[in-house]
Structures are given as C-alpha cells and as structure tokens.
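Examining the three-dimensional arrangement
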Amino acid sequence: MIRLARIPLPRETAEYLERYGARVETAADQKAVANELWSRNTTVRTKVRPTLKDTLGEMAAGHQRCMYCGDNQGCAVDHFEPVACNPLRTFDWANHLLACSVCNSHHKRDRFPRDETDGSALLLDPTCEEPLHHLHLNLAAGSYTALSAKGEASIKVFGLNRPVLIKGRREACARAGLFLGQWTSSWQCGDRDTADRIVRLAWNQPLADVLASMFHQAFHPAATALFAGQADLLALLLDADTRDAFGAGAEQERPK
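The structure presented is a predicted model; accordingly, all values stated were derived computationally and were not measured. Residue numbers run consecutively from 1 along every chain, following the written order of its sequence. Where totals are concerned, whole chains, interfaces and linings use all residues; where local detail is concerned, this predicted model gives features only for residues with pLDDT of at least 70, and gives and counts side-chain atom pairs only at 80 or more. Side-chain measures were taken over the full set of non-hydrogen atoms in the model, leaving aside hydrogen atoms and water.

Considering the overall build of the protein
- Of regular secondary structure, the protein possesses eleven helices and four strands.
- For the protein, the spread of C-alpha atoms along the principal axes amounts to about 65 × 40 × 30 Å.
- Each residue is assigned to one of three classes by its accessible area relative to the maximum for its type, calculated with a 1.4 Å probe on protein chains only: buried under 20%, partly exposed between the two thresholds, exposed over 50%. Expressed as a percentage of its 256 residues, the buried residues of the protein come to 49%. Only DSSP runs of H or I reaching four residues or more are called helices, and only runs of E reaching two or more are called strands; each is numbered from the N terminus.

Shown next, in the form of structure tokens:
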C-alpha cells in the first residue's frame with residue numbers, strides 16, 4: 001500500500017452524494033435503501049459512480065492502480081467501511097476507495113474488523129494514514145510484516161502477502177534499482193527531460209509501494225544491513241537530488 005491524497009469531487013457529484021446520503025439517513029430501513037440507491041438508482045449508476053471512479057483514478061498510484069494491492073487496475077468503487085456494516089457511509093466520499101476485483105470481491109468483501117477495546121477500525125485507509133507506519137516490506141522477500149494491529153489486519157483482509165504480489169514485489173524492487181540507475185545517468189549528463197520521464201515511469205509502475213519502501217528504509221537505523229551488498233543503491237536512495245526528483249521527501253508529492 002502507498003500513501004494517497006484525497007482530492008475534492010466535482011460539485012455536482014458532491015451534491016448528489018449529500019442528497020442520497022440524506023435519503024439513507026431518514027429511511028426506516030437504512031441498509032435496504034442504501035443498497036437500492038447504490039445498485040439500482042439510474043442517476044447513481046450513470047452519473048455518480050462513474051465520476052467517483054474517475055476521481056479515485058486520479059488519486060490512485062500509477063495508472064489507476066488498486067489502492068489496496070497496488071498491482072491490478074482498480075475497476076470498482078469500494079466502500080472502505082462496507083454498506084453492510086454502516087449504510088450511513090454509503091454516499092460518504094471519504095469512504096470510497098478504488099479497488100481491483102481480486103481485492104474487493106475475493107479478499108476484503110464485507111470484512112471490516114474493529115478493535116475489541118475501543119471499536120476503532122483495524123484496516124488501513126491509505127488516504128488517511130501512512131501505510132509505512134504499519135507495514136514493513138521485506139524488499140528481498142517481497143512480503144509484508146505487520147508493525148501494528150492495523151498492519152496485521154490489513155495484511156490478512158486485503159491478502160497483501162498472496163504469492164503473486166510477493167513475486168511481483170521482488171521484480172519491482174529490481175526494476176526500481178534499474179530506474180534509479182538510469183535516472184542518475186541522465187541527471188549527470190544534464191538530460192533533465194529524460195530524467196523527469198524516468199521518474200514518472202518509475203512511479204507509474206505496478207507495486208509503487210516497493211519504491212516508496214526503498215526510500216523509506218534508506219533512513220532506517222539498520223539501512224546498511226537492509227541493503228547489504230547494495231551500497232551504491234543505498235547511496236542513491238539517500239542522495240538529496242535523487243530524493244528531491246522522486247518526491248521522496250516527507251512533504252513532497254510524488255510525480256505522476
């Protein structure tokens with residue numbers, strides 16, 4: 001998973017959401033009305049949902065990548081907190097994420113675990129918090145280890161350690177190293193246009209969470225061990241010019 005910034009909806013769509021949300025709120029059977037409006041209402045199907053999907057696509061990493069796995073193209077507007085759990089959030093823009101069919105239909109479905117003590121949500125919403133605070137990516141193995149209860153639940157519910165993702169992340173790690181090397185060559189030659197293009201290509205690859213994790217782990221106290229035998233790569237990840245170009249600073253936006 002990778003940190004994402006939520007952007008405003010077009011005003012007309014936001015007004016539709018407010019209108020339909022009010023209908024759900026005043027309904028005697030909120031779940032039934034929410035499902036009916038979301039699934040069958042003509043305006044929702046033809047105007048609201050397509051705009052939601054397009055806006056989420058602008059927010060997503062790469063070319064409309066799933067906000068959970070980061071690998072497949074996102075094809076569905078997912079309710080982060082499922083309608084079955086809380087129908088009042090059916091038309092809440094902050095509750096909508098872009099998901100692929102594998103994550104949405106085969107893994108997450110209507111699961112939404114909560115903390116047994118305080119009832120808080122245990123799944124990571126990448127538009128609200130930094131996944132790197134809850135998940136550690138073993139770059140060599142391609143698998144995630146939980147750093148928190150949220151990380152543990154998210155790995156399980158989203159299926160973040162399914163074999164195809166593990167294999168893909170290992171390849172993405174090697175690919176990221178190649179991009180960094182190519183960027184350095186272009187930058188040192190003064191070919192800024194090519195260097196900028198390489199940055200965009202790197203972030204637009206599937207599984208961009210790997211590149212984000214590489215920059216993040218470069219500052220880990222055990223970075224030398226984490227990048228054992230890759231001293232040149234670690235130096236690139238720590239280089240100020242590289243980090244600035246790739247938007248790897250704490251307050252920078254990643255190029256798209």
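As for the environment of Ala121
- Note that Ala121 resides in the loop between helix H4 (101-108) and strand S3 (135-138).
- Measuring from C-alpha to C-alpha, the distance between Ala121 and Val24 comes to 22 Å, with 97 residues separating the pair along the chain.
- With near-sequence residues (within four places) excluded, Ala121 lies in contact with Phe112, Pro113, Arg114 and Lys150. Contacts are assigned to residue pairs that have any heavy atoms within 4.5 Å of one another.

Topic: the pairing of strand S1 (residues 76-79)
- Residues Ala76 and Asp78 of S1 are buried on one face, and the alternating residues Val77 and His79, pointing to the opposite face, are buried as well.
- When DSSP finds two or more bridges between two strands, those strands count as paired. In the sheet, S1 pairs with strand S2 (residues 96-99) via four bridges, with the strands oriented antiparallel. Within S2, the position partnered with Asp78 by the bridge is Leu97.

Things to note about helix H3 (residues 42-59)
- Here, expected helix span is obtained from the residue count minus one, scaled by 1.5 Å. The end-to-end C-alpha distance of H3 is 25 Å, a good match for the 26 Å that 18 residues give at a rise of 1.5 Å each.
- To get the bend at a given residue, fit one axis to the seven residues ending there, fit another to the seven starting there, and take the angle between those axes. Taken as a whole, H3 carries its principal kink of about 35° at Val48; the proline Pro50 stands between one and four residues after it.
- All of the buried residues in H3 are Val44, Val48, Leu52, Thr55, Leu56, Gly57 and Met59.
- Packing partners of the buried residues in H3 comprise helix H1 (11-26), helix H2 (30-40), S1 and S2.
- Two N or O atoms count as a polar contact when they lie within 3.5 Å, although within protein this holds only if one can serve as hydrogen donor and the other as acceptor, and sequence-adjacent residues are included solely when both atoms are side-chain atoms. In this structure Asn41 caps H3, since a side-chain oxygen of it lies 3.0 Å from the backbone nitrogen of Thr43.

Focus on the pattern of salt bridges
- Salt bridge criterion: a side-chain nitrogen from Lys or Arg within 4 Å of a carboxyl oxygen from Asp or Glu. Under the definition given, this model contains seven salt bridges.
- Among the ionic pairs, Lys150 bridges to Glu129, the shortest N-O distance being 2.8 Å. In this pair, Lys150 is assigned in helix H5 (residues 149-158) and Glu129 in the loop between H4 and S3, connecting sequence segments 21 residues apart.
- A relative accessible area of 18% means that Glu129 is categorised as buried.
- Put simply, Glu81, Arg89, Asp92 and Arg114 are held in one network by salt bridges that share partners.

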